[in-house]
Amino acid sequence: VQLVESGGGLVQPGGSLRLSCAASGRTFSTYAMGWFRQAPGKEREFVAAINWSGGRTNYADSVKGRFTISRDNAKSTVYLQMNTLKPEDTAVYYCAAGPTATSLRVGPYDYWGQGTQVTVSS
């Protein structure tokens, strides 16, 4: 599985962005998908995840109520809608794919994208 993120950029505090992660391969609908982020000098952290059907999601407390993860299995794409962005959301955002039964929050996640930069600044 190859994953390609897009949609990052520079946004002012309070603004919104939607990240996309397009997957190759015919088995996308069997994978759990997650979003993670890594800020400079910090460890990578969990942001959000969604199970294979889209019927179950999990969010980090820091983004709950502001971010929404969704997926379109027909398009082999997972999305992260980010609203009310804060400077502390600045990071490189990565999408990841894991086995159907993986733990959404802790994985394992076997495939990773190259990341997309999100910068929240005035």
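Just so it is clear, the model here is predicted, and its values are computed rather than measured.

1. Things to note about the overall build of the protein
Point 1. Counting its regular elements, the protein contains 0 helices and 11 strands.
Point 2. Listing the helices and strands of the protein from first to last along the sequence gives β-β-β-β-β-β-β-β-β-β-β.
Point 3. Taken against the 2.2 N^0.38 rule, which gives 14 Å for 122 residues, the C-alpha radius of gyration of the protein at 13 Å falls within 12% of a compact globule.
Point 4. Oriented by its inertia axes, the alpha-carbon framework of the protein measures out at about 40 × 25 × 25 Å.
Point 5. Counting across all 122 residues of the protein, residues that qualify as buried make up 44%.
Point 6. Separation between the mean location of the 12 positive side-chain charges and that of the 8 negative ones in the protein comes to 5 Å.

2. Section: the packing of aromatic side chains
Aromatic ring pairs are described here by two measures, namely the spacing of the ring centres and the angle between the planes.
Point 1. Taken as a whole and judged by the stated rule, the model has 5 aromatic pairs.
Point 2. Aromatic side chains Tyr 31 and Tyr 111 sit 5.9 Å apart centroid to centroid with 90° between the ring planes, which places their arrangement in the edge-to-face category. Remark: Tyr 111 occurs in strand β10 (residues 111-112) and Tyr 31 occurs in the loop between β3 (17-23) and β4 (32-38); sequence separation between them is 80 residues.
Point 3. Judged by relative accessible area, Tyr 111 falls into the partly exposed class, the value being 32%.
Point 4. Both rings, one in Phe 36 and one in Phe 46, keep their centres 5.7 Å apart while their planes meet at 75°; by these two values the pair is edge-to-face. Separated by 10 residues along the polypeptide, Phe 36 in strand β4 and Phe 46 in strand β5 (residues 45-50) bring together distant segments of the chain.
Point 5. Taken together, the ring pairs connect Phe 36, Phe 46, Tyr 109 and Trp 112 into an aromatic cluster.
Point 6. A cation over a ring is seen here: Arg 44 above Trp 112, with NZ or CZ 3.8 Å from the ring centre.

About the thresholds
For every chain, the first residue of the written sequence is number 1, and numbering continues from 1 onward in sequence order. In keeping with the predicted nature of the model, local features appear solely for residues at pLDDT of at least 70, side-chain atom pairs appear and are counted solely at 80 or more, and the whole-chain, interface and lining totals rest on all residues. As a rule here, side-chain values cover all heavy atoms of the structure and leave hydrogens and water aside. A run of H or I in DSSP counts as a helix once it spans at least four residues, and a run of E counts as a strand once it spans at least two, with each numbered from the N terminus. Only C-alpha atoms enter the radius of gyration, while the globule expectation follows 2.2 Å times N to the 0.38, with N the number of residues. Accessible area is worked out with a 1.4 Å probe on protein chains only. A residue is then buried under 20% of its type maximum, exposed over 50%, and partly exposed in between. Here Asp and Glu are counted as negative and Lys and Arg as positive; His is not counted, and neither are the chain ends. A single reference atom marks each charge: NZ on Lys, CZ on Arg, CG on Asp, CD on Glu. Classification of ring pairs rests on two measures: the distance between centres of Phe, Tyr or Trp rings, Trp counted by its six-membered ring, which must be within 6.5 Å, and the angle between planes, read as stacked under 30 degrees, edge-to-face over 60 and tilted in between. Any Lys NZ or Arg CZ found within 6 Å of a ring centre and within 35 degrees of that ring's normal is scored as a charge over the ring.

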